[in-house]
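Read off the chains here:
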Amino acid sequence: MMDTYRAVVDKRDQRAFLPKPVPDDALRRMLQAARMTGSSKNREPNRLVVVRDPARLRAMGALSRFGAWIADAAVAVVIVQTERHEFDAGRCAQNMMLAAWSDGIGSCPAHLPEAELARLLGVPDGLHINRVIGFGYIDPARMAAPRSVARTRLPLDQLVHWDAW
Ligand SMILES: Cc1cc2nc3c(=O)[nH]c(=O)nc-3n(C[C@H](O)[C@H](O)[C@H](O)COP(=O)(O)O)c2cc1C
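Since we're looking at a predicted model, the values are computed, not measured.

**A few points about the site of the ligand**
And then number 1: Taken together, 13 residues are adjacent to the ligand, and Asp13, Arg15, Phe66, Arg151 and Arg153 come closest.
And then number 2: For the ligand, an oxygen atom lies 3.0 Å from a polar atom in the side chain of Arg12.
And then number 3: Between the ligand and the protein, one listed contact pairs an oxygen atom with a side-chain N or O atom of Arg15 at 2.6 Å.
And then number 4: Tallied by class, residues from the shell around the ligand come to 6 nonpolar, 1 polar and 6 charged.

**Some remarks on helix α4 (residues 86-102)**
And then number 1: With 17 residues, α4 ought to run about 24 Å at 1.5 Å a step, and its terminal C-alpha atoms sit 24 Å apart, in line with that.
And then number 2: For α4, the full list of buried residues reads Asp88, Ala89, Cys92, Ala93, Met96, Met97, Leu98, Ala99, Ala100 and Trp101.
And then number 3: Those residues of α4 hidden inside the fold are in contact with α1 (4-10), α2 (24-35), β1 (46-51), β2 (75-81), β3 (106-110) and β4 (128-136).
And then number 4: After α4 finishes, the residue Gly104 shows a positive phi value of roughly 75 degrees.

**Focus: the packing of helix α3 (residues 54-61) against helix α5 (residues 114-121)**
And then number 1: Running from N to C, α3 and α5 cross one another at 165 degrees; their axes reach a closest spacing of 10 Å. Here α5 runs roughly antiparallel to α3, going by the angle between their axes. Crossing of α3 over α5 shows right-handed handedness. Contact residues: Arg56, Ala59 and Met60 in α3; Leu117, Leu120 and Leu121 in α5.
And then number 2: Classifying every residue of the contact of α3 with α5 by side-chain character gives 5 nonpolar, no polar and 1 charged.

**A closer look at unusual backbone geometry**
And then number 1: Of note in the backbone geometry, Asn42 takes a positive phi value of approximately 50 degrees without being a glycine.
And then number 2: Examined against the element boundaries, Asn42 turns out to sit in the loop between α2 and β1.
And then number 3: Taking the relative accessible area as the measure of exposure, Asn42 reaches 53% and is therefore exposed.
And then number 4: You will see that Glu44, though not glycine, has its phi angle at about 45 degrees, which is positive.
And then number 5: Along the chain, the position of Glu44 falls in the loop between α2 and β1.

**Quick notes on the packing of aromatic side chains**
And then number 1: Counted under the stated rule, the structure contains 1 aromatic pair.
And then number 2: Between Lys20 and the ring centre of Tyr137, over which it is positioned, the NZ or CZ distance is 3.9 Å.

**Some thoughts on the sheet that holds β2**
And then number 1: With antiparallel pairing, 4 strands are arranged side by side in an open sheet as β1-β2-β4-β3. The open sheet has two edge strands with one neighbour each: β1 and β3. Strand-to-strand twist of the sheet, defined as the mean angle between neighbouring strand axes without regard to direction, takes the value 25 degrees.
And then number 2: For β1 and β2, the ladder comprises 6 bridges, and the chain directions are antiparallel. Bridging from a neighbouring strand, Val51 pairs with Ala76 of β2.
And then number 3: In the packing of α3 onto the sheet, the strands contacted are β1, β2 and β4, and the crossing angle to β2 comes to about 65 degrees.
And then number 4: Contacts from α4 reach β1, β2, β3 and β4, with the element oriented near 10 degrees to β4.

Each value, and the rule that gives it
- Residues numbered from 1 in each chain as written.
- Predicted model: local features only at pLDDT ≥ 70, side-chain atom pairs only at ≥ 80, totals over all residues.
- Heavy atoms only, no water.
- Near = heavy atom within 4 Å.
- Polar contact = N/O pair within 3.5 Å; in protein donor to acceptor, adjacent residues only side chain to side chain.
- Nonpolar A, V, L, I, M, F, W, Y, C, P; charged D, E, K, R; others polar.
- Helix = DSSP H or I, 4+ residues; strand = E, 2+ residues; numbered from the N terminus.
- Expected span 1.5 Å × (residues − 1).
- Buried < 20%, exposed > 50% of the residue type's maximum accessible area, 1.4 Å probe, protein only.
- Contact = heavy atoms within 4.5 Å.
- Axes fitted to C-alpha atoms, helices over the stretch in contact; angles between N-to-C directions.
- Parallel < 35°, antiparallel > 145°, perpendicular 65-115°, else oblique.
- Left-handed = near helix turned anticlockwise from the far one by under 90°.
- Phe/Tyr/Trp six-rings, centres within 6.5 Å; stacked < 30°, edge-to-face > 60°.
- Lys NZ or Arg CZ within 6 Å of the ring centre and 35° of its normal.
- Pairing = 2+ DSSP bridges.

This is the structure in structure tokens:
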């Protein structure tokens, strides 16, 4: 099992996957990680649509060029919220991605058009689609990040302000 700190700092977003399914036990750990994620006032607004059907994954990937790679994911998890709460969704997504990464499974968030995705998945009106996360075993031959997103980070001292802005 991976050290948590290493899992956090070493996890890169991956969009190229091998045609290898995610085992049920690993998937269960990812979903438990989502379930156990704290939410504001413990209101638990997150619900999860777990898509493994290849035809449905292809249909999802066809909805946006930013998420075309979802078509080749082993599984996609759609975070649907009973009430909009971006931070709760973000925490949930990151915990799922870290649980997967600790099992050697790669992932990346994707933005797919909500209305079309809701129609495709039968998500009722009144619920809010927040984000889609694609998961799979990383294809080492194709793991370089798209040129549009350079894999660098700002230096820490540009991010941190001590005791006040
Ligand atoms: C809210 C959010 C939305 C994102 N949407 C997309 C997307 O639609 N398609 C995509 O390929 N990557 C998407 N990403 C992944 C970012 O491009 C990625 O997090 C960033 O480039 C850093 O990647 P790295 O940790 O591998 O350096 C998204 C990330 C976040 C946090």
